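Overview (structure and organization)
Single-letter residue listing:
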Amino acid sequence: QVQLVESGGGLVQAGGSLRLSCVVSGRSFVDFGVGWFRQAPNKEREFVAAIAWNGGRTNYADSVKGRFTISRENTKNTVYLQMNSLKPEDTAIYYCAVDRLGLGVSQKNRYDYWGQGTQVTVSS
């Protein structure tokens, strides 16, 4: 089975930076696509960023383009989300998820496994 553990969330002022980590357990990690999603109060879970199995294909939600960067380090079974120029509207619980097909798609229903989430709060 696949397990995911997110970390790195916290409280940061607007304009600041934060890096989230997602450690994935699974023998086929190098074949996985991994995505980041977020869910704010009273909103549905939304796509943030994703990376394909080979790390070459990435995609981002329009709201975070130019500010967030997704990357993976396969030797550590870890995917990162570097978040810069944070805004209060980025406040949410952030989840990482695994797409066993390895495509790094944006549709949340395509993901098979999810982490427990990590809270990101951006103050004004």
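Presented here is a report on the structure given in the accompanying data block.

**Re the overall build of the protein**
- From N to C terminus, the protein includes 0 helices and 11 strands.
- Reading the helices (α) and strands (β) of the protein from amino to carboxyl end gives β-β-β-β-β-β-β-β-β-β-β.
- A total of 124 residues make up the protein; the buried ones form 44% of that total.
- Accessible surface for the protein amounts to roughly 6,500 Å². Of this, 45% is attributable to carbon and sulfur atoms.
- Here the protein carries 14 positive and 10 negative side-chain charges, and the mean point of each set is 2 Å from the other.

**Considering unusual backbone geometry**
- Even without being glycine, asparagine 77 reaches a positive phi, approximately 50°.
- Relative to the elements of secondary structure, asparagine 77 occurs in the loop between β7 (68-73) and β8 (78-83).
- Not every positive phi belongs to a glycine, and serine 85 is a case in point at roughly 50°.
- Along the chain, serine 85 turns up in the loop between β8 and β9 (92-99).
- On the basis of relative accessibility, which here comes to 41%, the residue serine 85 falls in the partly exposed class.

**Considering the pairing of strand β11 (residues 118-123)**
- Alternating positions in β11 separate cleanly, Thr118, Val120 and Val122 being buried on one face and Gln119, Thr121 and Ser123 remaining unburied on the opposite face.
- Of the pairings in the sheet, the one linking strand β2 (residues 10-13) to β11 comprises 4 bridges and is parallel in character. Across the sheet, residue glutamine 13 finds its bridge partner in β11, namely serine 123.
- Sheet topology places β9 next to β11; 3 bridges connect them, and they run antiparallel. Paired with alanine 92 across the strands is valine 120, a residue of β11.

**Observations concerning the pairing of β9**
- Within β9, 7 of the 8 residues are buried, leaving the element largely enclosed by the surrounding structure.
- Note: strand β4 (residues 33-39) against β9, 7 bridges, orientation antiparallel. Bridging across to β9, arginine 38 finds its partner in tyrosine 94.

**Brief notes about the environment of arginine 67**
- The residue arginine 67 is located in the loop between β6 (58-60) and β7 in this model.
- Classification of arginine 67 by relative accessible area gives buried; the value is 10%.
- Here the alpha-carbon distance between arginine 67 and valine 120, two residues 53 residues apart in the chain, equals 15 Å.
- The contact partners of arginine 67, leaving out residues within four places of it in the chain, are Gln82, Met83, Asn84, Ser85, Leu86, Lys87 and Asp90.
- Of note is the side chain of arginine 67, whose polar atom sits 3.0 Å from the backbone oxygen of serine 85.

**Examining the side chain of threonine 118**
- Within the secondary structure, threonine 118 is located in strand β11.
- Setting aside residues up to four positions removed in sequence, threonine 118 forms contacts with Glu6, Ser7, Gly8, Gly9, Leu20, Ala92, Ile93 and Tyr94.

**Details of the nonpolar core**
- Counting residues in each nonpolar core, the largest one holds 36 residues, and the members touching the most others are Trp36, Leu81, Met83 and Tyr94.
- Elements represented by at least two residues in this core include exactly β3 (18-25), β4, β5 (46-51), β7, β8, β9 and β11.

Conventions and cut-offs
- Counting restarts for each chain, with residues numbered from 1 along the sequence as it is written.
- Only residues with pLDDT of at least 70 get local features here, since the model is predicted, and only at 80 or more are side-chain atom pairs given and counted; chain-wide, interface and lining totals rely on the full set of residues.
- Side-chain metrics in this entry use all non-hydrogen atoms of the structure; hydrogen atoms and water are not considered.
- Counting from the N terminus, the helices are the DSSP runs of H or I reaching at least four residues and the strands are the DSSP runs of E reaching at least two.
- Working definition: with a 1.4 Å probe on protein chains only, accessible area under 20% of the residue-type maximum means buried, over 50% means exposed, and in between means partly exposed.
- Calculation of accessible area relied on Shrake-Rupley with a 1.4 Å probe; when residues are assessed, cover is drawn exclusively from the protein chains displayed.
- In summary, the charge assignment counts Lys and Arg as positive and Asp and Glu as negative, without counting His or the chain termini.
- Working definition for charges: the position is that of NZ of Lys, CZ of Arg, CG of Asp or CD of Glu.
- What makes two strands pair is DSSP finding at least two bridges between them.
- A contact between two residues is defined here by any heavy atoms of the two lying within 4.5 Å.
- Any N or O atom pair separated by 3.5 Å or less is treated as a polar contact, with the protein-specific requirement of one donor-capable and one acceptor-capable atom, and with residues adjacent in sequence counted only for side-chain atom pairs.
- What makes a nonpolar core is a set of buried Ala, Val, Leu, Ile, Met, Phe, Trp, Tyr and Cys residues whose side-chain atoms join them at distances within 4.5 Å.

These figures come from the coordinates and say nothing about function on their own.
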